[in-house]
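Overview (structure and organization)
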Amino acid sequence: MESLFHAAALTVANVRRYSAENVRVAQGRATMDLRYPIGDFAMPAQVSPARRQQAIQEIAATPSKMRAAVKGLSDSQLDTPYREGGWTVRQVVHHVPDSHLNAYVRLKLALTEDKPTIKPYNEAAWAELADSKSAPIEVSQTLLDSVHIRFVQLWRSLKSEHFARILVHPEHGERPVDWLLFLYEWHGKHHTAHITELRKKRGW
C-alpha cells in the first residue's frame, strides 16, 4: 500500500465506486486493481460490539496469515514486486510491523491523552530504507508477533466508551478509536492479499 491514510474518509459509497471503477471487465474477464486487492478501506456501515470483536480477531490473526502468505518463498521471490511499480514482497512484509507499531502507539495516545494529534510518517520513504529492502523477513515476522501480542491485549481490554475516544490526524481531522480498529483490520488483510494474489498470478 503506497498510501494508507488517504483511505480514512472513505464511506460505503466508495466501496460501491470501487466495484464500478476499479474492477474492469475486459474480454469477459474481471481485472483486479492490484493496488487494492480487497478494495479500499471503508468504515463498517454498522458498528457493534460483535463487529468490533470480529475486527480484533482479524488483527490477532494477522501475523500468522502473513507468515502463511510468504511460506516457502525464495529470496528471489521475496524481492519480486507484487505489481509493476509496487513494493517487493520483502518490503510489504517489513512495512506491516512498521505500520502496526505506529498504530499501537497511536492507540495508546488516544487512550491516555485528550484528542492527541498523531504524527504521520512517510511510509514510501521508510520502505526504501536498507532494513526494508534487504533485511531477512524473519526479523519483521518476529517483530509483528511481539507487537500484536500487546496490540491485541490492549484492544481486548477496551470498554465501549474507549472506542469513541478521539485522535486527530493532521490531514483528515478527528477520528475515533473505532476508526483505528477497523483500519488495521483492513490493513493486515490488504497486505496479505498483495502477496497471495501475486502467488496466484505467478503460480508459486
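Presented here is an overview of the structure given in this document. (Residues numbered from 1 in each chain as written. Predicted model: local features only at pLDDT ≥ 70, side-chain atom pairs only at ≥ 80, totals over all residues. Heavy atoms only, no water.)

**Some details on the overall build of the protein chain**
Looking only at helices and strands, one finds eight helices and four strands in the protein chain. Moving toward the C terminus, one meets the helices and strands of the protein chain in the order α-β-β-α-α-α-α-α-α-β-β-α. For the protein chain, the residues scored as buried account for 48% of the 204 residues in total. In the protein chain, of all internal contacts separated by at least 6 residues, the share reaching a separation of at least 24 is 78%. Working note: accessible area of the protein chain is about 10300 Å², and carbon and sulfur atoms make up 53% of it. (Helix = DSSP H or I, 4+ residues; strand = E, 2+ residues; numbered from the N terminus. Buried < 20%, exposed > 50% of the residue type's maximum accessible area, 1.4 Å probe, protein only. Contact = heavy atoms within 4.5 Å. Areas by Shrake-Rupley, 256 points an atom, 1.4 Å probe, with all protein chains shown as cover.)

**A short note on the packing of aromatic side chains**
According to the stated counting rule, one finds five aromatic pairs in the structure shown. Judged by centre distance (6.3 Å) and plane angle (10°), the rings of Trp 155 and Phe 163 are stacked. Here Trp 155 falls in the buried class, since its relative accessible area comes to 0%. Of the residues examined, Phe 163 reaches a relative accessible area of 5% and is grouped as buried. (Phe/Tyr/Trp six-rings, centres within 6.5 Å; stacked < 30°, edge-to-face > 60°.)

**Description of unusual backbone geometry**
Leave glycine aside and you will find that most residues have negative phi; peptide bonds, for their part, are mostly trans. With a phi angle near 50°, Lys 115 is a residue other than glycine that sits in the positive phi range. In this fold, Lys 115 is placed in the loop between helix 4 (89–112) and helix 5 (123–127).

**Considerations on the environment of Ala 124**
Residue placement: Ala 124 occurs in helix 5. Judged by relative accessible area, which is 34%, Ala 124 ranks as partly exposed. In this structure, the C-alpha to C-alpha distance between Ala 124 and His 95, residues 29 residues apart in sequence, is 9.3 Å.

**What about the nonpolar core?**
Counting residues in each nonpolar core, the largest one holds 25 residues, and the members touching the most others are Ile 59, Leu 107, Phe 151, Trp 155, Val 177, Leu 180 and Leu 181. Of all the secondary-structure elements, those providing two or more residues to this core are helix 2 (49–70), helix 4, helix 7 (137–157) and helix 8 (177–202). With eight residues, helix 8 is the single largest residue contributor to this core. Apart from the residues within four sequence positions on either side, Val 177 is in contact with Leu 107, Ala 110, Trp 155, Leu 158, His 162, Phe 163 and Arg 165. Within the second largest apolar cluster, 16 residues are counted, among which are Leu 78, Tyr 82, Ala 127 and Ile 195. (Core = buried A, V, L, I, M, F, W, Y, C linked by side-chain atoms within 4.5 Å.)

**Digging into the pattern of salt bridges**
Summed over the entire model, instances satisfying the criterion amount to 10 salt bridges. With a closest N to O distance of 3.0 Å, Glu 58 and Lys 65 form a salt bridge. Judged by its relative accessible area of 15%, Glu 58 falls in the buried class. Residue classification places Lys 65 among the partly exposed positions, given a relative accessible area of 38%. Measuring nitrogen to oxygen at the nearest pair gives 3.3 Å for the salt bridge that ties Arg 90 to Asp 75. On the criterion of sequence distance, the pair formed by Arg 90 in helix 4 and Asp 75 in helix 3 (residues 75–78) is long-range, its members being 15 residues apart. Salt bridges linked by common partners bring Asp 75, Asp 79 and Arg 90 together as one network. (Salt bridge = Lys/Arg side-chain N within 4 Å of Asp/Glu carboxyl O.)

**Here's the deal with the packing of helix 2 against helix 7**
Direction vectors running N to C along helix 2 and helix 7 enclose 170°, while the axes themselves pass 8 Å from each other. Judged by the inter-axis angle, helix 2 sits roughly antiparallel to helix 7. For the pair helix 2 and helix 7, the contacting residues are Ile 56, Gln 57, Ile 59, Ala 60, Thr 62, Pro 63, Met 66, Arg 67 and Val 70 in the first and Ile 137, Gln 141, Thr 142, Leu 144, Asp 145, His 148, Phe 151, Val 152, Trp 155 and Arg 156 in the second. The class makeup of the residues in the contact of helix 2 with helix 7 is 11 nonpolar, five polar and three charged. (Axes fitted to C-alpha atoms, helices over the stretch in contact; angles between N-to-C directions. Parallel < 35°, antiparallel > 145°, perpendicular 65-115°, else oblique. Nonpolar A, V, L, I, M, F, W, Y, C, P; charged D, E, K, R; others polar.)

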